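Chain residues, written in single-letter form:
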Amino acid sequence: MAPALSSPAVGGPLGLLGGTFDPIHNGHLRLAEEACDALGLERVRLIPAGQPPHRGEPGSAADNRLAMVQLAIAGNPHLEIDDGEVRAQRKSYTILTLERLRSELGPDRPLVLILGADAFLGLAQWQRWQELFALTHIAVANRPGYAPHGRRWPGALSPELDEACRDRQVTDPALLRDRSAGLVIPFDMTPLAISASLIRDLVRSGTSPRYLLPDSVLDYIALHHLYENHE
Ligand code: ATP
């Protein structure tokens, strides 16, 4: 008799990119695309925050931010959207999203939380941040203006974050497939000094942000008069 089949295929590493996406721009899109290539991810799931906990009210409503992400990723088979945080009607803590994803995807699928260096440097301020490592790997990209970049931490981490990452840091992306969570991997992306705040500032001052973000998103911003009067 044939041996019983073992557990169903677990699937390759799934990248997770959370953000306010206020609005989504080419820095986010290159981050997702390059993480996919550099880390061998099967796909990247973009997760717009409903109520971001670490900042003021976003300049545009969650439904607008969700719609802009949808427009931006249209036609890219590597990218998908997750509206769970927008629909949750509570503060968007990543730990809660990861718990939800684990219950959806099971304990064995490698998850890779993708962070720009600025977000990573603030990780120790996140809700229940030390529990993140049990649920996901973390991949950290360089971002102009922020350390760390390249393959080494330049000593800019807070002592608690440094301590938490010390024995987790790897450079070989193949290791992300061997376990479902717990590793921290820096990777290099094309440096792009683009931020959502820069785009909001440009729109507010009547200067075009064209080519910093997809045209479809720019058209959406114009159609809905987003950011024109936001402080
Ligand atoms: P804001 O200017 O409003 O603070 P932002 O451009 O930083 O917004 P977020 O939605 O806050 O965008 O960022 C989501 C994630 O994308 C974070 O992990 C952030 O570090 C990363 N990210 C955003 N822009 C870049 C970029 N240009 N290069 C690398 N990472 C980026």
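All figures in this text were calculated on a predicted structure; none of them were measured in a lab.

Draft legend 1. Geometry of the sheet that holds strand β6 (residues 184–187). The strand order across the open sheet formed by 6 strands is β3-β2-β1-β4-β5-β6, and the pairing between neighbours is parallel. The open sheet terminates on both sides in strands that have one partner only, identified here as β3 (79–81) and β6. Averaged over all neighbouring strand pairs, the angle between strand axes comes to 30 degrees, with direction disregarded. Across 3 bridges, strand β2 (residues 43–48) lies against β3 in parallel orientation. Pairing of L46 across the sheet is with I81, part of β3. Sheet contacts for helix α4 (residues 94–105): β1 (14–19), β2 and β4 (111–116); angle to β4, the most-contacted strand, approximately 155 degrees.

Draft legend 2. Geometry of the pairing of β2. Most of β2 sits inside the fold, with 5 of its 6 residues counted as buried. Here β1 runs beside β2; their pairing, made up of 6 bridges, is parallel. Counted as the bridge partner of L16 is R45 from β2. Handedness of the crossover joining β1 and β2 through helix α1 (residues 26–39): right-handed. In this view, the connection linking β2 to its parallel neighbour β3 by way of helix α2 (residues 62–73) has right-handed handedness.

Draft legend 3. Representation of the nonpolar core in the model. Within the largest apolar cluster, 38 residues are counted, with the highest numbers of intra-cluster contacts made by I24, L39, V44, L46 and F187. Counting only elements with at least two residues in this core, the list comes to α1, β2, α2, β4, β5 (137–141), β6, α7 (196–204) and α8 (215–223). With 6 residues, α1 is the single largest residue contributor to this core. Leaving out residues up to four positions away in the same chain, L46 has contacts with L17, F21, I24, V69, I73, L79, E80, I81 and D82. Listed in part, the 24 residues of the second largest apolar core include I47, L135, L157 and C165.

Draft legend 4. Local environment of α7. Of the positions making up α7, those classed as buried are A196, I199, R200, L202 and V203. The buried residues of α7 occupy an angular sector of 160 degrees when the element is viewed end-on, so they sit on one face. In the stretch just after α7, G206 is the one whose phi turns positive, near 80 degrees.

Draft legend 5. Molecular detail of the site of the ligand. For the ligand, the set of nearby residues contains 22 residues, the closest of which are R55, D118, L192, A196 and S197. Here F21 contributes a backbone N or O atom positioned 3.1 Å from an oxygen atom of the ligand. Contacts to the ligand include I194, whose backbone N or O atom sits 3.0 Å from a nitrogen atom. Notes on the ligand: free accessible area 610 Å², of which the protein chains cover 91%. Put simply, the parts of the chain that give the shell around the ligand at least two residues each are β1, α1, β4, α5 (117–121) and α7.

Reading the values: rules and limits
Residues numbered from 1 in each chain as written. Predicted model: local features only at pLDDT ≥ 70, side-chain atom pairs only at ≥ 80, totals over all residues. Heavy atoms only, no water. Pairing = 2+ DSSP bridges. Helix = DSSP H or I, 4+ residues; strand = E, 2+ residues; numbered from the N terminus. Axes fitted to C-alpha atoms, helices over the stretch in contact; angles between N-to-C directions. Contact = heavy atoms within 4.5 Å. Buried < 20%, exposed > 50% of the residue type's maximum accessible area, 1.4 Å probe, protein only. Right-handed = clockwise from strand over helix to strand, strands pointing away. Core = buried A, V, L, I, M, F, W, Y, C linked by side-chain atoms within 4.5 Å. Arc of directions from axis to C-beta. Near = heavy atom within 4 Å. Polar contact = N/O pair within 3.5 Å; in protein donor to acceptor, adjacent residues only side chain to side chain. Areas by Shrake-Rupley, 256 points an atom, 1.4 Å probe, with all protein chains shown as cover.

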